[in-house]
Amino acid sequence: MVKKIKKVSTRSTTNALDKKFGQKYKLDIRRGVKFAAMVWDTTKSSEAEFKAFCLKHYVLPGKNRVALLEKLDKFSGALSGYFQMMVKVARSGLDIADNPLTPGDELLGAFSASTHLSQDLRDFRIAALAQINFGTDETKPPRSRKDWAARRLSGLGREVIPAPLLAEAAKAEAEVDKFISSYNLNLDKIDFGDPRIKFPRGTRQIAHWGLRDYMTGLNGQKDALIKQRAIRDLMRRVVDGEIPRQIIENPEAVWDQQTDTVRVNGSREKTRMTGALRWEKFKLAYDALRKIDPYTRYGNIIDNKFKLEREIPEEKIVKILKDILSASVAKKVGKFIESKLGRPIEPHDLYFKEFQATGAKPKLKFDIAKCYPNSRALTIAIPSILIKLGFSNERAKFIGSKIRVDNSRSAGHAWGPYAPEDIQLLRVRVDKSGITEQDFGVFMHELGHCVESVLSSYEMDYRALWGVPNTAFTEGFAFTFQDKADFVLGRKTRDDDNITNLKRYWEAYEIAGAALCEIEFFHWLYKNPRATAQAMHNTIRKIGDEIWKKYYARIFGSEGFGLIAVYSHILWCEFYLAEYPMGHVIDYQVRKYLKNKNLAREMERMCKLGSIYPEQWMQSAIGESISVRPLISDTEKAANKLGR
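Residues numbered from 1 in each chain as written. Predicted model: local features only at pLDDT ≥ 70, side-chain atom pairs only at ≥ 80, totals over all residues. Heavy atoms only, no water.

J.: Even after reading the chapter, I still don't get the overall build of the chain, so can you show me in this structure?
T.: For the chain, the helix and strand inventory stands at 27 helices and nine strands. In terms of C-alpha radius of gyration, the chain reaches 26 Å, essentially the compact-globule figure of 26 Å for 644 residues. Scored against the burial criterion, the 644 residues of the chain give a buried share of 57%. For the chain, the proportion of contacts with a sequence separation of at least 24, taken over those separated by at least 6, is 74%. For the chain, the exposed surface amounts to about 28,100 Å²; the carbon and sulfur share of it is 53%. For the chain, the separation between the mean place of its 106 positive charges and that of its 81 negative charges on side chains is 4 Å. (Helix = DSSP H or I, 4+ residues; strand = E, 2+ residues; numbered from the N terminus. Rg over C-alpha atoms; globule rule 2.2 N^0.38 Å. Buried < 20%, exposed > 50% of the residue type's maximum accessible area, 1.4 Å probe, protein only. Contact = heavy atoms within 4.5 Å. Areas by Shrake-Rupley, 256 points an atom, 1.4 Å probe, with all protein chains shown as cover. Lys, Arg positive; Asp, Glu negative; His and termini not counted. Charge placed at Lys NZ, Arg CZ, Asp CG, Glu CD.)

J.: Looking at this model, I keep getting lost on the nonpolar core. Mind explaining?
T.: One recurring pattern in soluble globular proteins is that nonpolar side chains are buried together. Counting 203 residues, the largest nonpolar core has Phe391, Phe440, Phe443, Leu447, Tyr509 and Trp617 as the members making the most contacts within it. The biggest single contributor to this core is helix H22 (residues 497–527), with 16 residues. Apart from residues no more than four positions distant in its own chain, Leu447 is found in contact with Ile382, Ile385, Leu386, Ile403, Leu426 and Phe481. (Core = buried A, V, L, I, M, F, W, Y, C linked by side-chain atoms within 4.5 Å.)

J.: It is not clear to me how the pattern of salt bridges should be interpreted in this structure. Could you clarify?
T.: Where charged atoms of side chains with opposite charge meet at close range, the side chains can pair. Enumeration according to the criterion identifies 53 salt bridges in this entry. Here Asp240 ties to Arg236 by a salt bridge, and the two come within 3.4 Å at their closest N and O atoms. Taken as a pair, Asp240 and Arg236 lie in helix H11 (residues 224–240) at a separation of four residues, close to a single helical turn. The residue Glu459 makes a salt bridge to Arg395 at a minimum N-O spacing of 2.8 Å. In this pair, Glu459 is assigned in the loop between helix H19 (437–455) and helix H20 (471–482) and Arg395 in helix H18 (residues 393–401), connecting sequence segments 64 residues apart. For Glu459, a relative accessible area of 36% gives the class partly exposed. One network of salt bridges, with partners in common, ties together Asp233, Arg236, Arg237, Asp240, Glu242, Arg541 and Asp545. (Salt bridge = Lys/Arg side-chain N within 4 Å of Asp/Glu carboxyl O.)

J.: Teacher, can you tell me more about the packing of aromatic side chains here?
T.: Centre distance and the angle of the planes are the two values used to describe a pair of aromatic rings. Tallying each qualifying case throughout the model produces 34 aromatic pairs. Aromatic pair Phe336 and Phe355: ring centres 5.9 Å apart, planes at 10°, arrangement stacked. One end of the pair, Phe336, is in helix H15 (residues 329–341); the other, Phe355, is in the loop between H15 and helix H16 (368–371), with 19 residues separating them in the sequence. Classification of Phe336 as buried rests on a relative accessible area of 4%. Using a relative accessible area of 1% as the deciding quantity, one classes Phe355 as buried. Judged by centre distance (6.1 Å) and plane angle (10°), the ring pair of Phe521 and Trp524 falls under stacked. Of this pair, Phe521 and Trp524 are both found in helix H22, three residues apart, which corresponds to roughly one turn of the helix. Counting every residue linked through ring pairs, the aromatic cluster contains Trp279, Phe282, Tyr286, Phe306, Phe521, Phe522, Trp524, Tyr526 and Phe575. Sitting over the ring of Phe575, Arg310 keeps its end group 5.4 Å from the ring centre. (Phe/Tyr/Trp six-rings, centres within 6.5 Å; stacked < 30°, edge-to-face > 60°. Lys NZ or Arg CZ within 6 Å of the ring centre and 35° of its normal.)

Written as structure tokens, this is what we have:
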């Protein structure tokens, strides 16, 4: 492990710099030397060399330091950008479903070109160069764009994670990603023991996203409820490990639930259930990341996520989640859903989405599969879609030129650009016969991510400021675009604002419980460092059930069918789920601000703020702090107007 510079050497160095540059820069010198010492490896050089380095590379504040800032900004942007471009190429076989997955694709998908980068930055003393001039732990918001860029560059080289640990983590994460991407169930090949439960040939859905969305989309169809209950039980079985291993990603296997057997090519065999398999996969990534913990800024996944990535205190996010979950208006929204369904609400109605529609959606005036037969057709369509959303022809063409749609093996996702020469990727499943309406909704969600990424990158003033503050912000834009799917398809042009407010709240309510479950689960993991996969399997279900009973049972009843613990996001060990409800909260505030304003123009302005602190982004974008109060208050008003 790297040793830090001794105090006496630091004092000697600051004295020498004071003598060279004068007392005027005393505080800045002490800051710089302190942070340079943090990244200096005394096992490879002497203390005298450290002193000589600081005397040579400390740059006085002013035009020379600004010039250094611009050089390091371009340098670090190029490093991260081109490494990410290599990863995109390496992972293409794993991610894109146009060709069969090969063993070679699996090897390439686990490759990470940047595993030695942090050590190289230290060995070549670039980390020390960045730290002596820009290193800081200051959290007070800067006043200028230049200073924001300097604040972001203050993290350059701060962490040195051993390359073997990074390589191990990359391999584990690739294995988990492969597992999640291939957890597909062929609903038409399951005998549920009820002749009413039949699904169209080729109905293949991924757990949990595909199962959830397909189940929700059955509303208004014949025998919808009995089929929804069957899929809900499949989701429960995913959580409880009661899915036969033989049927996962196997269209040839027929599962007879009544006899508990699987038939493959005429041969019948007893089911071999998954058990704790999901958590065996999770543990691969978790164990690898725990080895990295000691080398990170805060020493654990939880603090690194909240303090370093989200830059919003955990306490604030947890309070927002609990405020969403405990709001009394949830019961009123539940009653509204019952009126739309014409039956008592059931647990799977947590995913209800058709607030505006009555019964089944009216059929489209065109064949969506023929209109968008493949990913290339979707890529070509992006500019025309953006024009419908208010972007000018010129801007729609520019944004569209930076986005490429690929046919995804997994659920939809977006992968932003990391260099001026890079391309924004949009991944969505496209059926062999063309895209389905369900997946078009996913496409629109991911398009929101992509447009945000294009607007907050290529034209940004500093590379260090590419992006938005954290992923909750990009989720906000994604939800905005997803809501426009019917409008883009020509199905509807006007909604009841009161009903829309109920929908906005319900979206946050649905995912807030899962996000809280993930947070509590990670705290449990750190309190139980030797937990087995089986213990994880049992605990996530227990935590999910407790959250269900506390926040959801008042509406749906005490049996939650494991729905709070079903989310596949958790398996990636990216500690991600809170981004969704926070995205809904931020999105609601932004959309409220955007009402009667031009979406395209305002989105461009907001995205160009870049990756400054979340609160400063919100203040600059809409003049408010991040708060769930507008969402809950407006939902209450809407419910009262609707008589709920």
